[in-house]
Amino acid sequence: MPLFLAATALKRSPLSLFRKTGASGEISKYQPANIRQLLTEMFRSEGFTGKLPPVRFITHHLAHAAIAFYTSPFDKSDILIIDGSGENKATSGYIGEGDKLKKVFTYTIPDSLGWFYKSVTEYLGYLPDRHEGRVMALASYGEEDEEIQKIFSRIISLKKDGSYRHNPAYSFLGAHRNGKVFGKKMEEDLGPPRFKGEEISQRHKNIARAAQDTLEESVVSLLSRFKNGEGVSSNLCVAGGIALNCRMNGHLSEHPSVENIYLPPLPGDAGTALGAALLVAANLGFNPRFSLTHSYWGPGYSSEEVEAVLKKTKADYSKEKDISGRAAELLAKGNLLGWFQGRLEAGPRALGGRSILADPRDIKTKDIVNKRVKGREKWRPFAPSILKENMNDYLLNPFDSPFMGIAFKTTPKADSDMPAAIHVDSTTRPQIVSRDSSKKYWELIKKFGDLTGVYGLLNTSFNVNEEPIVASPEDALRSFYASGLDYLVIENFILRKGG
Ligand SMILES: [Fe+2]
């Protein structure tokens, strides 16, 4: 049984196994003997008395590459893994063909683009490993600043052959070290860091812009390494923690050598469990290839189960025959909806399984969603779900992007039709919704479009600020009543505040 399955049997993630070790040596806890011992103890503590199933070990970047390529629609592809660190690897290039994965290049720590971005995140007053998306959003407000860019070219230096080097003097990361992450040199060169809550100056925005530009340039320059290293495909798969940076992915997608790009719904470490399982499956002679067209793989609840919860909690609800039609009307009237349908989506983005939805036609909707539910900073963008049939109306050079992983430039029509879901620099990170993969959600947007002329909705995750996304009907009810949502649309039932 692979590690992934063993961990699942214990109802704990592989990552939690590593964390539980608490070993003083950061690297030694990842050693196979330690993991085997730990798994044995955990199986025993769960009452399992038989022989421990075989445990196979897969390297971190190979697992990232496996989920990126095996779940893609491509027979052959270049694969970029951009990470903080996995074992001692920071960035890797692979070529995938059929069910084979071949490594083309690797950068080891401290040459980590993840560490670089993380150190800037902390320098700008945000939590590293958590708030990198805020730096990316802030970058859109930044201006080009020659002095700052010069400093960044010393932090990440690009070589003629497409390589990069990260200057470790600017970050303070030992082997997998947590704690303060930007180095003294960053303070010396860029000046005092921003502290949490301090006002954001134009200089802070310019620093975010320079960091984002540096990341994008470094990653794009890596594409040429595939050419040197016999990569031949115009297809590109991307994964690793830094692949959550949708603006970087958008930049990659626009590169002339990239014809098609694919990001799995789980580009970060959560996806390595599936990647590892697919590799073991391939090793055992099974076909590991399947195209992931949707990410609704989490728990789902039947109508009867949902109604039982509603009855138990004495919620005041009604059952609707045309749930998508009724929800579309409510949205068009400016209501904020909690939308709970089918199975929970895997990955960090809400994709119409557990979403908060709003009418994107008025820019003020952003403030309303923030004030009543999310509590996010005013300047951070929201994103839309757009019907596949209408993507040309709203996006420049669009292509199917079902998992909200890629930023696109928007059309003037999008900027005027759905301003609440477009970022300040006329970009957005859309979910392209197909009827085949998400019928009820597709119908909702279609009916909203038929009512309003706008075939997109503002879609953000169904959670109250900083809480996990809701999974069960009970979770949804808790978040509904703890927030300023107007209605909860859960399977075929509708709840309204105040009865
Ligand atoms: Fe990773």
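Model, not experiment: these values are computed from the prediction. (Residues numbered from 1 in each chain as written. Predicted model: local features only at pLDDT ≥ 70, side-chain atom pairs only at ≥ 80, totals over all residues. Heavy atoms only, no water.)

Looking at the packing of helix α5 (residues 113–123) against helix α6 (residues 132–139)
Two packed helices can be described by the angle between their axes and the distance between those axes. Contact geometry for α5 and α6: axes closest at 9 Å, N-to-C directions at 80°. Taken as axis vectors, α5 and α6 run roughly perpendicular relative to one another. Seen from α5, the contacting residues are Y117, K118 and T121; seen from α6, they are E132, V135 and M136. Looking at the contact of α5 with α6, its residues break down into three nonpolar, one polar and two charged. (Axes fitted to C-alpha atoms, helices over the stretch in contact; angles between N-to-C directions. Helix = DSSP H or I, 4+ residues; strand = E, 2+ residues; numbered from the N terminus. Parallel < 35°, antiparallel > 145°, perpendicular 65-115°, else oblique. Contact = heavy atoms within 4.5 Å. Nonpolar A, V, L, I, M, F, W, Y, C, P; charged D, E, K, R; others polar.)

Quick word on the pattern of salt bridges
Counted according to the given criterion, the structure contains 28 salt bridges. E147 is paired through a salt bridge with R203; the nearest N and O atoms lie 3.4 Å apart. Of this pair, E147 sits in helix α7 (residues 146–155) while R203 sits in helix α9 (residues 202–228), placing them 56 residues apart in sequence. With relative accessibility at 42%, the residue E147 sits in the partly exposed group. Exposure remark for R203: the relative accessible area of 30% places this residue in the partly exposed category. Its salt-bridge partner being R247, residue E216 comes within 3.1 Å of it at the nearest N-O pair. With a gap of 31 residues between them, E216 in helix α9 and R247 in helix α10 (residues 246–253) connect regions that are remote in the sequence. Exposure remark for R247: the relative accessible area of 18% places this residue in the buried category. (Salt bridge = Lys/Arg side-chain N within 4 Å of Asp/Glu carboxyl O. Buried < 20%, exposed > 50% of the residue type's maximum accessible area, 1.4 Å probe, protein only.)

Here we look at the sheet that holds strand β3 (residues 100–108)
The pairing of strands in a sheet comes from backbone hydrogen bonds and takes either a parallel or an antiparallel form. Here five strands make up an open sheet; going across it, the order is β3-β2-β1-β6-β7 and the pairing mixed. Strand pairing shows two members of the sheet lacking a second neighbour, β3 and β7 (260–262), which therefore form its edges. Sheet twist, expressed as the mean angle between neighbouring strand axes with direction ignored, is 20°. Pairing analysis gives three bridges linking strand β6 (residues 235–239) to β7, with the strands arranged parallel. Across the sheet, the residue bridging to N235 is N260, located in β7. Packed on one face of the sheet, helix α4 (residues 60–70) meets β1 (76–86), β2 (89–97), β3, β6 and β7 and runs near 140° to β1. Set on the sheet, α5 makes contact with β1 and β2; between it and β1 the angle comes to about 50°. (Pairing = 2+ DSSP bridges.)

Quick word on the coordination of the iron ion
Around the iron ion, the donor atoms from the protein are H60 (NE2), H64 (NE2), D83 (OD), D83 (OD) and D269 (OD), and they sit 2.1 to 2.6 Å away. Counting gaps between the donor residues of the iron ion yields the pattern H-x3-H-x18-D-x185-D. A residue pair is termed long-range when its members are at least 10 positions apart, and H60 in helix α4 and D83 in strand β1 qualify at 23 residues. Judged by its relative accessible area of 15%, H60 is buried. The exposure class of D83 is buried, given its relative accessible area of 3%. (Donors = N, O, S within 2.8 Å, 3.2 Å for Na, K, Ca; no water.)

Considering the side chain of S385
As for its position among the elements, S385 is in strand β11 (residues 383–387). Judged by relative accessible area, which is 0%, S385 ranks as buried. For S385, the side chain forms a polar contact with the side chain of N459, separated by 3.0 Å. When sequence neighbours within four positions are dropped, the list of residues in contact with S385 reads Q431, V433, Y441, I445, Y455, G456, L457 and N459. (Polar contact = N/O pair within 3.5 Å; in protein donor to acceptor, adjacent residues only side chain to side chain.)

A closer look at the packing of aromatic side chains
Inspection of the entire model under this criterion finds 13 aromatic pairs. Here the aromatic rings of F43 and F48 are separated by 5.2 Å at their centres, their planes lie at 65°, and the arrangement is edge-to-face. The exposure class assigned to F43 is buried, which follows from its relative accessible area of 7%. We classify F48 as partly exposed; its relative accessible area is 33%. Ring centres of W339 and Y441 lie 6.3 Å apart, and the angle between their planes is 40°; this geometry places the pair in the tilted category. Placement of W339 in strand β9 (residues 337–340) and of Y441 in helix α17 (residues 439–452) is noted, with a sequence separation of 102 residues between them. (Phe/Tyr/Trp six-rings, centres within 6.5 Å; stacked < 30°, edge-to-face > 60°.)

Looking at unusual backbone geometry
At the junction of I109 and P110, the peptide bond is cis and its omega measures out at 15° in the coordinates. Residue position: P110 is located in the loop between β3 and α5. Within the chain, D129 stands out as a residue other than glycine whose phi angle is a positive 70°. Topologically, D129 is positioned in the loop between α5 and α6. By relative accessible area, D129 is classed as exposed at 55%. Of note in this structure, S426 is not a glycine but carries a positive phi near 55°. In this fold, S426 is placed in the loop between α16 (412–417) and β13 (427–428). A relative accessible area of 26% places S426 in the partly exposed class.

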